[in-house]
Amino acid sequence: AGVLSRESGHEQVVFCHEPRSGLRAIIAIYSTALGPALGGTRFYPYACEEDALADVLELSKGMAYKNAIAGLDLGGGKAVIIGDPERDKSEMLLRAFGRFVQSLAGRYITACDIGTFSADMDVVARESSYVTGRSTELGGAGDSAVLTAHGVLLGMRAAGEQVWGRWGAPWQRRIGIQGVGKVGFRLARTLAEEGATVIVHDVDQRALDRARAEIPGVQIAPDLDALLTADLDVFAPCAMGGVLDERTVSRLSARVVCGAANNQLADETVAKLLDDRGILYAPDYVVNAGGVIQVADEIGGFDLVRATKRADRIYDVTREIFRRGAADRVRPDVAAARIAEARMADLAAVRTVH
Ligand code: NAI
Ligand code: K
């Protein structure tokens, strides 16, 4: 891990094993330049430890950029628990994980991600003070999908205005959403209520059944290709990372990509492919920061009104990134990275002066 963290730029990577509970987890801290490293815990049946490590390294770096550009006084980190959440999750395992989080003495603050929920954070919090995303009954921020979906919508509005001059007519607002889980479902419902045409795809039949039952007029695409090639204005990836690659980008009919998933680009060449096809990419970590803004607010005592006001700024930040990109003649992903990296470097420098 030492060599790995030097090469990848991470500050610290911790492997956690607790045999009695079966816990196998990795906590990665990319940067504490701006403050404690905040990022969720993903509970996922990784095929092997190498896959889990690759994921947590990438996700923790993404969190550092996300927190930096959101203007939070927080660094970037992430945790992964290797296992099937439906089968392997237990009080013992979550508390064992909480012990490891506590052992980092506040350098890492955890929260929910794929496969973990507020009720799980309540259990982790019985062993650690460095937990957010707890239940609202316990003073927590609750389900962060609320402000994540809110922020993605604001980012979509900014992107729509950039491409079509305004949000709404004359374009049709045909939105394709991959993944109707916690975030994608809310996004789909709000857009449908606003009168947009919403087409969704999910690999989980239960998620599709719920969407069909609760979102009037929602259309279901049988597979990803059908979704990508549907006549879309906006494609919103809200499932797992890596959906955009050479193949999927070549099929995409949308002019805007704006969604909640972390690390939507399979690799760094994909941003250029999108740009070459005239597709505006709203950088994932810019528009999906609502969730971390929501849970970060819990650190000082959660207030939904305050957190929503802060998440509202995602609209201005997204516009600023498009503006900076145009002014510097770079793609939006490059403009966003420059802003995030500058804030981390500037404040890291100032904060080492005693
Ligand atoms: P979730 O687990 O509730 O929903 C994900 C949905 O995607 C599920 O319904 C799942 O069946 C579906 N899915 C998985 N693989 C798929 C595939 N290959 N094709 C189609 N559908 C697929 O997760 P949640 O919370 O809605 O998050 C969605 C994405 O947004 C994730 O990538 C997450 O990391 C990211 N995100 C979530 C935040 C939050 O506050 N919940 C904050 C920032 C990012
Ligand atoms: K997250």
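Keep in mind the model is a prediction, meaning the values are calculated, not measured.

### Remarks on the domain arrangement of the protein
Okay, so step 1: Each assigned domain of the protein is listed with its residue range as follows: domain 1 (2–63 + 74–138) and domain 2 (145–289 + 318–339).
Okay, so step 2: Here domain 1 and domain 2 have C-alpha centroids that lie 27 Å from each other.
Okay, so step 3: At the junction of the two partners, domain 1 supplies 11 residues and domain 2 supplies seven residues.
Okay, so step 4: Counting each side, the surface lost to burial between domain 1 and domain 2 is near 640 Å², with a carbon and sulfur contribution of 50%.
Okay, so step 5: Counting every contact that joins domain 1 to domain 2 gives one salt bridge.
Okay, so step 6: Mapped by element, the contributors of at least two residues to the side of domain 1 that touches domain 2 are β4 (41–44) and α2 (49–69).
Okay, so step 7: Looking at which element gives the most residues to the side of domain 1 that touches domain 2, the answer is α2, with three residues.
Okay, so step 8: Residue classes in the side of domain 1 that touches domain 2 are distributed as four nonpolar, two polar and five charged.

### Considerations on the site of ligand 1
Okay, so step 1: Around ligand 1, a shell composed of 25 residues is seen, among which Ser144, Thr148, Val183, Asp202 and Ala239 lie nearest.
Okay, so step 2: With respect to ligand 1, the backbone of Val183 contributes an N or O atom lying 2.8 Å from an oxygen atom.
Okay, so step 3: Taking Asp202, its side chain carries an N or O atom lying 2.6 Å from an oxygen atom of ligand 1.
Okay, so step 4: The protein chains hide 83% of the 820 Å² of surface that ligand 1 would expose on its own.
Okay, so step 5: Among the residues forming the shell around ligand 1, the class breakdown is 11 nonpolar, eight polar and six charged.
Okay, so step 6: Taken domain by domain, the makeup of the shell around ligand 1 includes at least three residues from each of domain 1 (2–63 + 74–138) and domain 2 (145–289 + 318–339).

### Description of the packing of helix α6 (residues 145–164) against helix α13 (residues 290–297)
Helix packing for two helices is described by the angle between their axes and how far apart those axes are.
Okay, so step 1: At a closest axis distance of 6 Å, the pairing of α6 and α13 adopts a crossing angle of 140 degrees. What the angle tells us is that α6 and α13 run oblique. Handedness of the crossing formed by α6 with α13: right-handed. Each of Val146, Leu147 and Thr148 in α6 lies in contact with α13, whose residues at this interface are Gly290, Gly291 and Gln294.
Okay, so step 2: Broken down by class, the residue content of the contact of α6 with α13 amounts to two nonpolar, four polar and no charged.

Conventions and cut-offs
Residues numbered from 1 in each chain as written. Chains lettered and ligands numbered in written order. Predicted model: local features only at pLDDT ≥ 70, side-chain atom pairs only at ≥ 80, totals over all residues. Heavy atoms only, no water. Domains from an automatic or database assignment. Contact = heavy atoms within 4.5 Å. Buried area = accessible area lost by both parts, 1.4 Å probe. Salt bridge = Lys/Arg side-chain N within 4 Å of Asp/Glu carboxyl O. Helix = DSSP H or I, 4+ residues; strand = E, 2+ residues; numbered from the N terminus. Nonpolar A, V, L, I, M, F, W, Y, C, P; charged D, E, K, R; others polar. Near = heavy atom within 4 Å. Polar contact = N/O pair within 3.5 Å; in protein donor to acceptor, adjacent residues only side chain to side chain. Areas by Shrake-Rupley, 256 points an atom, 1.4 Å probe, with all protein chains shown as cover. Axes fitted to C-alpha atoms, helices over the stretch in contact; angles between N-to-C directions. Parallel < 35°, antiparallel > 145°, perpendicular 65-115°, else oblique. Left-handed = near helix turned anticlockwise from the far one by under 90°.

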